[in-house]
Amino acid sequence: MSPIDKSAILIIYTGGTIGMREDPVTRTLAPMKFELLLDEIPELNKLDYSISSITFNPPIDSSNMTPAIWTKLARTIEKNYSRYDGFVILHGTDTMSYTASALSYMFENLDKPVIMTGSQLPIGVLRTDGKENLITAVQIAAAKKEGKSVVPEVCVYFDSQLFRGNRTTKKDSAHFSAFASYNYPALAKAGVDIVYNHEKINYPKNKGLLKINTNVDDRVVVVKMFPGLNNQYFDSILQLPGLKGVVLESYGSGNMPTSGWLITSLRKAARKGIVLLNVSQCPGGKVMMGHYETSLALEQAGVISGQDITVEAAVTKLMFLLGQNLSLEDTKHYLGKNLKGEIEA
Ligand code: ASP
């Protein structure tokens, strides 16, 4: 392969454990400079790709992630889109699924891989999982078949599995298999070979140019149901000034208490134009409103079914759609539609 045929990959380093080092005084983990991180993985130089990198300044623990940084990520990819064959985003695991979901909605006509990864142990630690995660993420970002990217989606690669990003959830803070995609199969598994699940990968329908849409509205909250939920607290959340949308984390297949006060609160909020989205606390399975008596009234109160969506994909979808200045009816309509493979419908 001549140098001009080499796949060009851009690594964008936002922070996260992968690039952290222990502070000798405080003993806490904090992000280090990217150049130091690359020094820890000389193996990258053995790949026959042309690899460039960009560091976000300052690198952050992903608990500090914000919609402004999602926008910066989308813009960075847009700006560099024509010069690279694929992108790898290094990101903390804590909010990786939120960023992956938000980015999936922000891109239109994506036909190149955007592979997010990170690690549970810093790259400088002997037993780190970061090396394998990063090297394989780069290989997936570079993978092509008949001149086209094999996985032109926003994905999370972690512990030998490639997932659609907006289907993932961080499930474990102690083991290397930090992520799961309960409602959608892996897009690839990396063993001796990287085996792709081609039928489950989304390929762009249009051949248009990449477009980004980074408008989001953060006037949303997530409220989780639990036995004993205080009626006044719940009602005062729904009456917060300016509130636009609520993700209601329900039980099982979308059930909530049938108490009159809850339905009254929801009905009042819906009448004010607040968008109410029902997402299950169960990581697997889906919301089926009307299946039990305990969810029938929700439908009548104007609550929308989140179907098999994750909470991460739901809250970012709500933020994204509310940011589009759509009519209330259209916002609700698109919430129920499959935008980027985040739900089955
Ligand atoms: N707190 C870290 C972060 O999300 C955890 C990690 O990277 O795994 O940035």
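Residues numbered from 1 in each chain as written. Predicted model: local features only at pLDDT ≥ 70, side-chain atom pairs only at ≥ 80, totals over all residues. Heavy atoms only, no water.

Focus on the site of the ligand
Stage number 1. In the region of the ligand, the neighbouring residues are G16, T17, D61, S62, G92, T93, D94, S119 and Q120.
Stage number 2. T17 is positioned such that a nitrogen or oxygen atom in its backbone is 2.9 Å from an oxygen atom of the ligand.
Stage number 3. A distance of 2.9 Å separates a nitrogen atom of the ligand from a polar side-chain atom of D61.
Stage number 4. Taken together, the residues of the shell around the ligand break down into no nonpolar, 7 polar and 2 charged. (Near = heavy atom within 4 Å. Polar contact = N/O pair within 3.5 Å; in protein donor to acceptor, adjacent residues only side chain to side chain. Nonpolar A, V, L, I, M, F, W, Y, C, P; charged D, E, K, R; others polar.)

A look at the environment of G336
Stage number 1. Among the structural elements, G336 can be located in the segment after helix 9 (328-335).
Stage number 2. In this structure the C-alpha to C-alpha distance between G336 and G306, which are 30 residues apart in sequence, comes to 6.8 Å.
Stage number 3. Apart from residues lying up to four places away in sequence, G336 is in contact with Q307, I343 and A345. (Helix = DSSP H or I, 4+ residues; strand = E, 2+ residues; numbered from the N terminus. Contact = heavy atoms within 4.5 Å.)

Looking at the pattern of salt bridges
Stage number 1. Counting across every chain of the model gives 12 salt bridges.
Stage number 2. Notably, a salt bridge pairs R164 with E153, separated by 2.7 Å at the nearest N-O pair. Of this pair, R164 sits in strand 11 (residues 161-164) while E153 sits in the loop between strand 9 (148-149) and strand 10 (154-158), and the two are 11 residues apart along the sequence. As far as burial versus exposure is concerned, R164 and E153 are alike and both buried.
Stage number 3. Salt-bridge contacts for D235 lead to K268; the nearest nitrogen and oxygen are separated by 3.6 Å. Of this pair, D235 sits in helix 5 (residues 231-238) while K268 sits in helix 6 (residues 260-271); the two residues are 33 residues apart in sequence, bridging distant segments of the chain. (Salt bridge = Lys/Arg side-chain N within 4 Å of Asp/Glu carboxyl O. Buried < 20%, exposed > 50% of the residue type's maximum accessible area, 1.4 Å probe, protein only.)

Details of the pairing of strand 5 (residues 86-90)
Stage number 1. The buried fraction of strand 5 is high, at 5 of 5 residues.
Stage number 2. Burial of strand 5 is two-sided: the residues G86, V88 and L90 facing one way and the residues F87 and I89 facing the other way are all buried.
Stage number 3. Relative to strand 7 (residues 114-117), strand 5 runs parallel, the two being bridged by 4 bridges. Following the sheet pairing, V88 is matched in strand 7 by I115. (Pairing = 2+ DSSP bridges.)

Quick notes on the nonpolar core
Stage number 1. I77, L103, F107 and V114 are the most contacted members of the largest nonpolar core, which has 51 residues in total.
Stage number 2. Here this core gets 9 residues from one element, more than from any other, and that element is helix 8 (residues 311-322).
Stage number 3. When near neighbours in sequence (up to four residues on either side) are disregarded, V114 contacts I77, F87, I89, F107, E153, V154 and C155.
Stage number 4. In terms of nonpolar packing, the next biggest core, distinct from the first, is built from 33 residues, I9, L47, V88 and L187 among them. (Core = buried A, V, L, I, M, F, W, Y, C linked by side-chain atoms within 4.5 Å.)

A look at the sheet that holds strand 17 (residues 220-224)
Stage number 1. Across the sheet, which stays open at both edges, the 4 strands sit in the order 17-18-19-20 with parallel pairing between neighbours. Where the open sheet ends on each side, the last strands, each with one partner, are strand 17 and strand 20 (304-305).
Stage number 2. When strand 18 (residues 245-250) meets strand 19 (residues 275-280), the two strands line up parallel, connected through 6 bridges. Residue pairing across strands places S250 opposite S280, the latter belonging to strand 19.
Stage number 3. Sheet contacts for helix 8: strand 17, strand 18 and strand 19; angle to strand 18, the most-contacted strand, approximately 165 degrees.
Stage number 4. Running at roughly 10 degrees to strand 19, helix 9 makes contact with strand 19 and strand 20 of the sheet. (Axes fitted to C-alpha atoms, helices over the stretch in contact; angles between N-to-C directions.)

Remarks on the packing of aromatic side chains
Stage number 1. Under the definition given, this model contains 5 aromatic pairs.
Stage number 2. Relative to F87, the ring of Y81 lies with its centre 6.1 Å away and its plane at 5 degrees, an arrangement referred to as stacked. F87 matches Y81 in its accessibility class, with the two residues each being buried.
Stage number 3. Aromatic rings pair up to connect Y81, Y84 and F87 into one cluster.
Stage number 4. It is K72 that lies over the ring of F56; its NZ or CZ is 4.2 Å from the centre. (Phe/Tyr/Trp six-rings, centres within 6.5 Å; stacked < 30°, edge-to-face > 60°. Lys NZ or Arg CZ within 6 Å of the ring centre and 35° of its normal.)

These results come straight from atomic positions and should not be treated as a statement about function.
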